[in-house]
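Overview (structure and organization)
If you want the building blocks of each chain, they are given just below.
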Amino acid sequence: MDDYKNKSGCEINKGNSRRFWKELAKGVVISNPVFILTLGLCPVLAITSSITNALGMSAGVIFVLLCSNIMISSIRKATPLMVRIPVFIVVIATFVTIFSLLFEAYFPPLHKSLGIYLPLIVVNCIILGRAEVFASKNSVVLSAADALGIGFGFTIALIMISFLRETLGTGSVEIFGRQLFKLPGLSVHPLTFFISPPGAFLVIGILLALFRWIGVIRGE
Amino acid sequence: MNNLLTIFIAMVIVNNMVLSKFLGLCPFFGVSKKLSNAFSMGIAVTLVMLIASVSTSAIYNYILVPYKVEFMNIVIYILVIASLVQIVELIIKRTNIILYNALGIYLPLITTNCAVLGITLINSAENYSILESTVSALGAGIGFTLVLIIMSGIREKLDLADSPKSMRGLPVAFLTAALLALAFIGFNGMV
């Protein structure tokens, strides 16, 4: 796990010359926060029992990541090195509060089903990690690109996991109340194991192994 | 008294922090490779959870609720936890250097441990009084330590097993956690 982190950290530090799109693509594929860096796993396991929840959570992470990256990167020269972590945390917590209030106003049912996992975005290692590794050292534009890339990577991972869990666990897939499809046999006798907590551990364990396996094949 | 006991047992076993609420997964997978480290981490987290819950629930009940500024809880709690961790670290360093050496590297990590912020947020979401918050934090801490110790016992053995290359490390740890969580689901009807 640590090896992966270091590798991606170095790669990112190399480049001021890298372009916006390159940063964006890197977050999605090469340093996918969930499958490759295995960061911020708590919400990933907790809210992936339905795609709707996963989309709500992703929106929160992208919003907070983008705003905090832009903010931290624009105040990076004024922030003393000694107190940078508390500053980052306060900036992140402020944006999480803003998002939580907005969400409560416009999507009350979703806000309720995300519960304490929405405020817990504050301690999500992805966001503090990007602030420390990237936004505190790079320009505003690059930091925004990095935030979007990592955010989209997170979203894709969340959608993959929740799609698997919702399909197997309920036999049908719904997005914001609209049914996408329904499997004939599985919806009558759904494998409810997959939407329960142990199912979350199992699905992510298998997906992690799959990504490692693909990495091993490509590496050799 | 009965109510307190229910909260305690629910927090230790039924609503276990790690296995049913998925909080504190980073230390759960990161520090569960050796039994001795797991025990130290569990104790440190329990300690911080207890102190953090007492102080945040006091702040919640006597400052945030009377002045109707509950929405500020995220910012305030994270600041309280971050400064508490620093203070606890300082106190342990001055008073018990052996404990400090054992816990040393884990203490700063606890600031960003979602289990600590999680338990304070759960306490205020449930409108627990200070006493109830203390009991629920103690239960959550003990539950966390229990699962961490079980997991590290299993992983010490698992290291010797000959598993496929892509399964080694984290993936197989997740599968172990899945089985462990399945066992804990058996307690569901208890409370």
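So, how was this worked out
- Residues numbered from 1 in each chain as written.
- Chains lettered and ligands numbered in written order.
- Predicted model: local features only at pLDDT ≥ 70, side-chain atom pairs only at ≥ 80, totals over all residues.
- Helix = DSSP H or I, 4+ residues; strand = E, 2+ residues; numbered from the N terminus.
- Buried ≥ 20, exposed ≤ 12 C-beta atoms within 10 Å, placed from the backbone.
- Contact = placed C-beta atoms within 7 Å.
- Nonpolar A, V, L, I, M, F, W, Y, C, P; charged D, E, K, R; others polar.
- Axes fitted to C-alpha atoms, helices over the stretch in contact; angles between N-to-C directions.
- Left-handed = near helix turned anticlockwise from the far one by under 90°.
- Pairing = 2+ DSSP bridges.
- pLDDT = per-residue confidence, 0-100.

Regarding the overall build of chain A
- Each helix and strand counted, chain A has 10 helices and 2 strands in total.
- Secondary structure elements of chain A occur, N-terminal to C-terminal, as α-α-α-α-α-α-α-α-β-β-α-α.
- Residues counted as buried form 45% of the 220 residues belonging to chain A.
- A separation threshold of at least 6 residues defines the contact pool for chain A, and within that pool the share at least 24 residues apart is 77%.

What to know about the interface of chain A and chain B
- Residue-level contacts link 33 residues of chain A with 33 residues of chain B.
- Only helix 3 (41-46), helix 5 (84-106), helix 7 (125-135) and helix 10 (197-219) of chain A provide two or more residues apiece to the side of chain A that touches chain B.
- Counting residues per element, the side of chain A that touches chain B draws most heavily on helix 10 of chain A, which supplies 11 residues.
- Residue classes in the side of chain A that touches chain B are distributed as 27 nonpolar, 5 polar and 1 charged.

Some words on unusual backbone geometry
Residues and elements named next belong to chain B.
- Although it is not a glycine, Phe 22 adopts a positive phi angle of roughly 60 degrees.
- Residue placement: Phe 22 occurs in the loop between helix 1 (2-14) and helix 2 (25-30).
- With 28 C-beta atoms counted inside 10 Å, the residue Phe 22 sits in the buried group.
- For Asn 127, which is not a glycine, the phi torsion comes out positive at approximately 55 degrees.
- Assignment of secondary structure puts Asn 127 in the loop between helix 7 (114-125) and helix 8 (130-158).

Here we look at the packing of helix 3 (residues 35-64) of chain B against helix 7 of chain B
Residue and element names in this part refer to chain B.
- Taken N-terminus to C-terminus, the directions of helix 3 and helix 7 make an angle of 35 degrees; their axes are 9 Å apart at the nearest point. At the point where helix 3 passes helix 7, the crossing takes the right-handed sense. Contacts from Val 45, Val 48, Met 49, Ala 52, Ser 53, Thr 56, Ser 57 and Tyr 60 of helix 3 reach helix 7 at Ala 115, Val 116, Ile 119, Thr 120, Asn 123 and Ser 124.
- Of the residues in the contact of helix 3 with helix 7, the class split is 8 nonpolar, 6 polar and no charged.

Focus: the pairing of strand 2 (residues 178-182) of chain A
- Little of strand 2 of chain A sits out of view: just 0 of its 5 residues are buried.
- Where strand 1 (residues 172-175) of chain A folds back on strand 2 of chain A, the antiparallel hairpin that results is connected by 2 residues, among which A:Phe176 adopts a positive phi of roughly 50 degrees.

Some thoughts on the environment of A:Leu158
Residue and element names in this part refer to chain A.
- With respect to the secondary-structure elements, Leu 158 resides in helix 8 (residues 140-170).
- Counting along the chain gives 52 residues from Leu 158 to Tyr 106, while the straight-line C-alpha distance between them is 22 Å.
- Every residue in contact with Leu 158, bar those within four places of it in the chain, is listed here: Val 44, Thr 48, Ala 54, Met 57 and Ser 58.

Side note on the pairing of strand 1 of chain A
- Sheet topology note: the strand 1 of chain A/strand 2 of chain A ladder contains 4 bridges and is antiparallel. Note on strand 2 of chain A: the bridge partner recorded for A:Val173 is A:Phe181.

Here we look at the environment of A:Met57
Residues and elements named next belong to chain A.
- The topology assignment puts Met 57 in helix 4 (residues 51-74).
- When the C-alpha atoms of Met 57 and Ser 113 are compared, they prove to be 10 Å apart, with 56 residues separating the residues in sequence.
- The residues contacting Met 57, other than those within four sequence positions of it, are Pro 43, Ile 47, Leu 114, Tyr 117 and Leu 158.

Remarks on the confidence of the model for chain A
Residue and element names in this part refer to chain A.
- Model confidence for chain A is summarised by a mean pLDDT of 81, while 90% of its residues fall at 70 or above.
- Element-level pLDDT for chain A is lowest in helix 1 (residues 2-14), with a mean of 41, against a maximum mean of 92 in helix 4.
- A low-confidence stretch, residues 1-17 stays under pLDDT 50, and its non-local contacts, those more than four residues away or across chains, total 12 contacts.

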